[in-house]
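Here's the letter readout for the chains.
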Amino acid sequence: MVAIIKGGKSLRNALQYNEHKLTQKKAVLIHSANYGKEYGPARFTDKIRRLEMLAARNEKTKVNSVHISLNLILRRRYP
């Protein structure tokens, strides 16, 4: 397995990237919580507002997003 970890300063870009992967069916949403929605999935605007509000709580924050990509490397076995 290969893990790639990148920090960033744009919550909006990170969230848009993730949402795009979900709509393309190239990613799977495992879990989401605490977006203030009781019923149904949170919309993009709900998510970005919540994330920006949380990031604004700490003025010292320089990197407010992280992208972690886990990739399985499958090796083909030859007889």
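Keep in mind that this is a model prediction, so the values were computed, not measured.

**Q** Residue-level account of the pattern of salt bridges, with values.
**A** Inspection of the entire model under this criterion finds 2 salt bridges. A salt bridge links Glu19 to Lys47, with the shortest nitrogen-to-oxygen separation between them at 2.6 Å. Residue Glu19 is located in helix H1 (residues 11-23), and its partner Lys47 is located in helix H2 (residues 44-56); the two are separated by 28 residues in the primary sequence. In this pair, the class of Glu19 matches that of Lys47, namely buried. Asp46 is the salt-bridge partner of Arg43, the closest N and O atoms lying 3.5 Å from each other. Look at Arg43 and you get partly exposed, because its relative accessible area is 49%.

**Q** Can you tell me about H2, naming the residues and giving the values?
**A** End to end, H2 covers 18 Å across 13 residues, agreeing with the expected 18 Å (1.5 Å per residue, within 8%). Every buried residue of H2 is listed here: Asp46, Lys47 and Ile48. For H2, the elements touching its buried residues are H1.

**Q** Please set out H1 residue by residue, giving values where relevant.
**A** For H1, spanning 13 residues, the distance from its first C-alpha to its last is 18 Å, which sits close to the expected 18 Å at 1.5 Å a residue. Every buried residue of H1 is accounted for by Leu11, Leu15, Glu19 and Leu22. Buried residues of H1, viewed axially, fall in a sector of 55 degrees; they line one side. Close packing links the buried residues of H1 with H2 and strand E2 (65-71). Residue Lys25 follows H1 closely and has a positive phi angle near 65 degrees.

**Q** I'd like a rundown of the environment of Arg49, residues and numbers included.
**A** By the element assignment, Arg49 lies in helix H2. Judged by its relative accessible area of 55%, Arg49 is exposed. Remark: the alpha-carbon pair of Arg49 and Leu11, spanning 38 residues in sequence, is separated by 10.0 Å.

**Q** Account for a nonpolar patch on the surface, with residues named and values stated.
**A** Judged by side-chain polarity, Met1, Ile5, Val66, Ile68, Leu70 and Leu72 come together as a nonpolar surface patch covering roughly 710 Å² of accessible area. If one sorts the elements of the nonpolar patch by residue count, E2 sits on top with 3 residues. By the element assignment, Ile5 lies in strand E1 (residues 2-8).

Calculation rules
- The numbers attached to residues start from 1 for each chain and follow its sequence in the written order.
- Local features in a predicted model are, by the rule used here, given only for residues with pLDDT of at least 70; side-chain atom pairs are given and counted only at 80 or more, and totals for whole chains, interfaces and linings are based on all residues.
- Only hydrogens and water are set aside; all other atoms, that is, all heavy atoms of the structure, feed into the side-chain values.
- Here, a salt bridge means any side-chain nitrogen of Lys or Arg that lies within 4 Å of a carboxyl oxygen of Asp or Glu.
- Secondary structure elements are defined from DSSP: runs of H or I of at least 4 residues count as helices, runs of E of at least 2 residues count as strands, and each element is numbered from the N terminus.
- Only protein chains enter the calculation, and the probe is 1.4 Å; a residue is then buried if its accessible area is under 20% of its type maximum, exposed if over 50%, and partly exposed in between.
- Multiplying 1.5 Å by the helix residue count minus one yields the expected span of that helix.
- Residues count as neighbours in contact if any of their non-hydrogen atoms are within 4.5 Å of one another.
- The directions considered for the arc run from the helix axis to the C-beta atoms.
- To count toward a patch, a residue needs a relative accessible area over 30% and no salt bridge; like charges are then connected within 9 Å, while nonpolar side chains (Val, Leu, Ile, Met, Phe, Trp, Tyr) are connected within 5 Å.
- Areas reported here follow the Shrake-Rupley algorithm with a probe of radius 1.4 Å; residue values treat only the protein chains shown as occluding.

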